[in-house]
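Listed here are the chains, written in short residue letters.
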Amino acid sequence: MAAANYHRSEDQFLCSICLDVFNDPVSTSCGHNFCKNCITEHWNTSDQYKCPMCKKVFNTRPELHVNTLLSGMVGQFRDKAQQEASSSSSELQESKPGEVLCDVCTGTKQKALKSCLDCLVSYCETHLEPHLTASRLKRHQLIDPVENLEDRMCTKHDKPLELFCKTDQTCVCMLCSVLDHQTHKFVPLKEEYEEKKAELEETETEIQQMIQKRQLKIQEIKHSVDLSKDDADREMAEGVRVFTALKESVERGQAEFIDTIEKKLKTTEKQAEAFIKELEQEICELMKRSTEVQQLSRSEDHLHLIQRVQSVNFAPPTKDWTEVNVCQPLYEETVRKAVAQLEETLSEEMKKLLVPAELKRVQQYAVDVTLDPDTAHPNLILSEDGKQVHLGDVRKNLPDNPERFSLCACVLGKQSFSSGRFYFEVQVKGKTEWDLGVVRESINRKGPITLSPQKGFWTICLRNGNEYKALDDPPVRLSLKCRPEKVGVFVDYEEGLVSFYDVDSAALMYCYTDCSFTEKLFPYFSPYLNKGGKNSAPLILTPVSVK
């Protein structure tokens, strides 16, 4: 009967060699008990007589004495085991899928109640009876029913695999531990089972976490696709509106152009018609005079011809048509003016249609930015919520840590970005000078700094109240229609894009393109000098409101 079938309080009835209930228990002179056959076989195969329990070495082979007290107790223990096995099931049970079947049943296979490691056979309650009653079979080791019993036996010693060799990482029988693995470390299979089970549970936990992460990544990817689809639908709708507006603008320009050409042609035609009418009238008068002249020239009346000749020699009053011409309209100039007007109209339509739509699109990537006090110049004063900054008159005694600006009145945002898109807005109302933008992590923070992309700064600035510049290489003077009170900053890390917007008018102020970002980017702010109080208003990070 296997030790796993009984309580720990009954371990005293088990032989330490075979780990089975004692069979003919004998005692050594050192006081330890073993099955007679187990200790005899052990000493027969060993080169010295040593107690398997206490490792005491005997010079001569010890004489073994039958332990009558232990034999009686073992007998009672076997009877108890038989009663427990008999009462475990009151009636035969047919097997169910997945259960171990009795190897002896010839008809309908019954559910196995026990498996014998000596017989390598599984028995139902009926066929198990001889193992519980026959003295020879009582010594067999019974365990809970399992399949593939041959795999549970040591192929070398034909004993149950009951120990785990830590050294060789393999399952062994009791004799293996004594004969082949004497210096190795062993633990019971149950102990190793518990350890391996704990490892498996930990592995399962890790696998589940990996599964969850990948499921979340799938959701993230699907969400990105959904967002892309929404962006595509929105952009498509916006594009259709833009092209419709552009088409209408072109059609209006075409209609206006045709109308202008037709008006010029009609004016020319009217002028020509007037000239022709006047010429035809003069021709009519001249033809009358010609008729009079011809009639008078055929007259034979000398007196009449002489008296009338003076009146017909003078031509009727006519215009000098030598310099008279029909003005040809300059149609090419009309085309040029129409195209120029169309370009201006298209430009205005583009600004009205595209820029607000673009600003709405980038505002979808709004992030919550707060100012980092560890980077702030000692003269800067930050609000408690990290949303406002202005220049103070007193230099605070702050640690000169590597992140802090030591000379220029600057501060960075706490948040950094190394991928994707982000957008934030800053109120600049009431200020006459300021700097805004993004910078890379490795910028110089000690001593003078140069605001340029080559130095890791992508910024715009205001100077002297009305001079707006993009601090590019070289700087670019910005021509703005109105004075911005709130500036939006948008970054597309992968596209290498930094754009600045006048939020209220939805106008694009400036755009850095083809930037190469390889480090973390941080929002950058400088309220600049106070200028005698004229520039004392703070820079304020404001929530983004999509209109």
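Scroll up a little and you will see the structure.
Values in this document were obtained by computation on a predicted structure and should not be read as measured data. (Residues numbered from 1 in each chain as written. Predicted model: local features only at pLDDT ≥ 70, side-chain atom pairs only at ≥ 80, totals over all residues. Heavy atoms only, no water.)

(A) Representation of the nonpolar core. Formed by 49 residues in total, the largest nonpolar core has its most connected members in F424, W434, I460, Y512, Y524 and F525. Here this core takes five residues from strand 17 (residues 457–463), the largest share from any one element. Judged by nonpolar contacts, the second largest core, of 27 residues, contains L14, L163, V172 and M174. (Core = buried A, V, L, I, M, F, W, Y, C linked by side-chain atoms within 4.5 Å. Buried < 20%, exposed > 50% of the residue type's maximum accessible area, 1.4 Å probe, protein only. Helix = DSSP H or I, 4+ residues; strand = E, 2+ residues; numbered from the N terminus.)

(B) Just the sheet that holds strand 6 (residues 114–116), in detail. Sheet architecture is open: three strands sit in the order 7-6-8, paired in antiparallel fashion. At either end of the open sheet lies a strand with only one pairing partner, and these are strand 7 (121–123) and strand 8 (142–143). Pairing geometry for strand 6 and strand 7, over three bridges, is antiparallel. Note on strand 7: the bridge partner recorded for C116 is V121. Along the sheet, helix 3 (residues 125–133) makes contact with strand 6, strand 7 and strand 8, crossing strand 7 at roughly 110°. (Pairing = 2+ DSSP bridges. Contact = heavy atoms within 4.5 Å. Axes fitted to C-alpha atoms, helices over the stretch in contact; angles between N-to-C directions.)

(C) Representation of the pattern of salt bridges in the model. Counting across every chain of the model gives 14 salt bridges. Note that E192 and K196 form a salt bridge whose closest N and O atoms lie 2.2 Å from each other. In this pair, E192 and K196 are both assigned in helix 6 (residues 189–297), four residues apart and thus about one turn of the helix distant. One salt bridge in this structure joins K446 and D400, with 2.7 Å as the shortest N-O distance. Remark: D400 occurs in the loop between strand 13 (388–391) and strand 14 (411–412) and K446 occurs in the loop between strand 16 (434–440) and strand 17; sequence separation between them is 46 residues. Via salt bridges that share partners, K166, E192, E195 and K196 belong to a single interconnected network. (Salt bridge = Lys/Arg side-chain N within 4 Å of Asp/Glu carboxyl O.)

(D) Structural view of the pairing of strand 24 (residues 539–542). Of the two faces of strand 24, both are covered, the one formed by L539 and L541 as well as the one formed by I540 and T542. Where strand 13 meets strand 24, two bridges bridge the pair, whose relative direction is antiparallel. Looking at the pairing, V389 lines up with L539 of strand 24. Sheet topology places strand 15 (residues 421–427) next to strand 24; three bridges connect them, and they run antiparallel.

(E) Broad picture of the packing of aromatic side chains. For the structure shown, the criterion picks out 13 aromatic pairs. Between the aromatic rings of Y365 and F490, the centroid separation amounts to 6.1 Å while the plane-to-plane angle is 45°, which identifies the pairing as tilted. Within this pair, whereas Y365 is found in the loop between helix 8 (331–363) and strand 12 (380–382), its partner F490 is found in strand 20 (residues 486–492), the two being separated by 125 residues in sequence. A ring pair is formed by W458 and F517, whose centres lie 5.0 Å apart and whose planes are at 85°; its orientation type is edge-to-face. Here F517 lies in the loop between strand 22 (507–512) and strand 23 (521–526) and W458 lies in strand 17, a separation of 59 residues in the sequence. (Phe/Tyr/Trp six-rings, centres within 6.5 Å; stacked < 30°, edge-to-face > 60°.)

(F) How the structure looks around the environment of N530. Tracing the backbone shows N530 in the loop between strand 23 and strand 24. Measuring from C-alpha to C-alpha, the distance between N530 and G392 comes to 8.4 Å, with 138 residues separating the pair along the chain. With residues near it in sequence (within four places) discarded, N530 still touches L391, D393, N535 and S536.

(G) Molecular detail of the side chain of R445. Here R445 lies in the loop between strand 16 and strand 17. Buried and unpaired, R445 has E441 as its nearest opposite-charge partner, separated by 5.7 Å. Only 3.0 Å separates the side chain of R445 from the backbone oxygen of E441, close enough to count as a polar contact. Apart from residues no more than four positions distant in its own chain, R445 is found in contact with T375, P402, E403, R404, F405, S406 and L412. (Lys, Arg positive; Asp, Glu negative; His and termini not counted. Polar contact = N/O pair within 3.5 Å; in protein donor to acceptor, adjacent residues only side chain to side chain.)

(H) Region of interest: unusual backbone geometry. In this structure, the amide linkage connecting D473 to the following residue, P474, adopts the cis form with an omega of 0°. Locating P474 in the fold gives a position in the loop between strand 18 (467–470) and strand 19 (476–478). Even without a glycine there, the phi angle at D24 is positive, about 55°. Residue D24 is classed as partly exposed on the basis of its relative accessible area of 47%. Although it is not a glycine, N464 adopts a positive phi angle of roughly 55°. Relative to the helices and strands, N464 resides in the loop between strand 17 and strand 18.

Honestly, that's just the spatial picture; any functional story needs more than this.
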